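Summary of the model geometry
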Amino acid sequence: MRKTKCPTCKKQMIPHKQSYRPFCSERCKEIDLGHWFMEDYSVPAVEITTEEQEILISEIEKKGRGFSND
Ligand SMILES: [Zn+2]
């Protein structure tokens, strides 16, 4: 069986056994997203709500397409 490592905590895991690919857990997924957000927004990595994440993701997507609110 192919194993993979969680990009956040580097733990080995079995991909089909988890639903947060490529992460081992929702927490690791959020931590990774947090790092991503922190680069641009300087917000706390893991204390972000789902609603805030959605807002930030949509902002990042807009930015990625060349739009900006500034
Ligand atoms: Zn992990």
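Our subject in this report is the structure included herewith. (Residues numbered from 1 in each chain as written. Predicted model: local features only at pLDDT ≥ 70, side-chain atom pairs only at ≥ 80, totals over all residues. Heavy atoms only, no water.)

Along its length, the chain carries two helices and two strands. The order of helices and strands in the chain, counted from the N terminus, is β-β-α-α. Evaluated residue by residue, the chain yields a buried proportion of 23% over its 70 residues. For the chain, the proportion of contacts with a sequence separation of at least 24, taken over those separated by at least 6, is 3%. Here the chain displays about 5500 Å² of accessible surface, and carbon together with sulfur accounts for 49% of that area. (Helix = DSSP H or I, 4+ residues; strand = E, 2+ residues; numbered from the N terminus. Buried < 20%, exposed > 50% of the residue type's maximum accessible area, 1.4 Å probe, protein only. Contact = heavy atoms within 4.5 Å. Areas by Shrake-Rupley, 256 points an atom, 1.4 Å probe, with all protein chains shown as cover.)

Function-wise, these values are silent; they only describe arrangement.
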